[in-house]
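Descriptive analysis of the structure
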Amino acid sequence: MKLFQRRHFLARMASWAAAGVLVAIAGCGGGNEQSGKQEVEFWTMQLQPKFTDYFDQLIADFETANPDVDVVWIDVPWADMQSKILTAVSAGTAPDVVNLNPDFASQLASRNAWLPLDEQLTSEEQAVYLPKIWKATTLNGSSFGFPWYLTTRVTLFNTDLMEQAGIDEPPSTYAELADAAKQIKETTGKYAFFISFVAEDAADVLQSFIQMGVPLVDDAGNAAFNTPEGKAVFQYWTDLYQQDLLPREVLTQGHRRAIELYQAGETVFLASGAEALDNIANNAPDIAAATQTAPQITGTTGKKNVAAMNLVVPRSTDVPEAAVKFAMYVTNNDNQLSFAQAANVLPSTAAAIDGTLTQAPADATPIEVARAVSASQLADAEVLIPALEDAKKLQKVIYDNLQAAMLGDKTVDEAVSDAADEWNNR
């Protein structure tokens, strides 16, 4: 079968798999009886059709260099990946290389679902990746994933509204943000920003604990936030809400609402990825024209958060050497740089963090400037939420009790104590 025909056949297979047709036969890779080659089954999350050409070429190049290996690529919708990989791992029919985020991957790492990479990669091969990002794919001292593409949030700010409020520089810390929020509300009647307290949404509030110097759990996995410092973070968010310095919807709506309010000119700051500028330019060109980019807002620690994607190799794979070799190929420096350019993301390799990414050209577009600001944070950025089996449960426990304090149903002390007890007794 010609390469073009074969790739489109595989694309059709991917759509059938997403519909559940292939669940029963999507077994672990292994030998291809007709060709005598090893077969590596590779699952990604919602990268077709936008990046079909990129992966077709990537796979073709790998197969040319490794003629004894066939790679079968299946793209799974974002919303379906967790249930599909859980089912496949439980049934012993997992693919050989899977694209997941560290949060979910760590849940299955705690069940020994993934091939331990410390036994597969030398220290030199591990050093290809940014050390803090490599650490994010480590649980109980064992590495379980290859770092892949990254995004770091930046602070987009409306220069027109800042001028109206009499603010010269965007805030860099949460303390400065609280002061700016008061000044903005008093002078313009608008809100400074939107951040979601919905447990199922992004973990920005949870990350703020780490940035303000409050660990979430101790070495034994117990709550570490029931401290004066932890209470101060609860108090910080409670005060902002009760002083009407946060929109009421922060308790019920997610990050999409943050974008809507910013595009409507109702908020001054937006924590988002550089790629959001394209949508803002399409939906609200006047707002986009007034928008500039600053680094991510942080706390006293100066820590910046990064969102990461990784590749994992199921322990049950029949072709561990080929699977590891392919995962290393996808995530090597050259291929990461290539994908970063194609997808407007950032690479996780140490060699990629140089002036090429962190310095915008003199005639840079706004999104190029934003990407340079985003890249400049990578050396210090890390996945702030630790690899934890029940990370989403911890987020819900903290958010539910924090909401209770914000609504006045509990005191801050009660909310912190209840959250700690609920977590420790889960």
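The structure presented is a predicted model; accordingly, all values stated were derived computationally and were not measured. (Residues numbered from 1 in each chain as written. Predicted model: local features only at pLDDT ≥ 70, side-chain atom pairs only at ≥ 80, totals over all residues. Heavy atoms only, no water.)

**Topic: the pairing of strand β7 (residues 146-151)**
Counting buried residues along β7, 5 of its 6 residues qualify, which places the element largely inside the surrounding structure. Where β7 lies against strand β12 (residues 307-312), 4 bridges are found, and the strand directions are antiparallel. Bridge pairing in β12 links L150 to A308. (Buried < 20%, exposed > 50% of the residue type's maximum accessible area, 1.4 Å probe, protein only. Helix = DSSP H or I, 4+ residues; strand = E, 2+ residues; numbered from the N terminus. Pairing = 2+ DSSP bridges.)

**Quick word on the packing of helix α8 (residues 174-188) against helix α10 (residues 228-242)**
Interhelical geometry of α8 versus α10 gives an angle of 10° and a closest axis separation of 11 Å. The pairing of α8 with α10 is recorded here as roughly parallel in orientation. The handedness of the crossing between α8 and α10 is left-handed. Packed against α8, whose contacting residues are Y174, L177 and A178, the element α10 presents Y236, W237 and L240 at the interface. Partitioning the contact of α8 with α10 into residue classes produces 6 nonpolar, no polar and no charged. (Axes fitted to C-alpha atoms, helices over the stretch in contact; angles between N-to-C directions. Parallel < 35°, antiparallel > 145°, perpendicular 65-115°, else oblique. Left-handed = near helix turned anticlockwise from the far one by under 90°. Contact = heavy atoms within 4.5 Å. Nonpolar A, V, L, I, M, F, W, Y, C, P; charged D, E, K, R; others polar.)

**Structural notes on the nonpolar core**
Of all hydrophobic cores here, the largest spans 75 residues; its most connected members are F197, F225, W237 and F269. Of the residues forming this core, the biggest block, 8 residues, is contributed by helix α18 (residues 391-406). Those residues in contact with W237 that sit more than four places away from it in its chain are Y174, F193, I195, F197, V205, S208, M212, L246, L402 and M406. Ranked by size, the runner-up nonpolar core spans 55 residues in total, among them M45, F62, V69 and F104. (Core = buried A, V, L, I, M, F, W, Y, C linked by side-chain atoms within 4.5 Å.)

These values are about where atoms sit, not about what they do.
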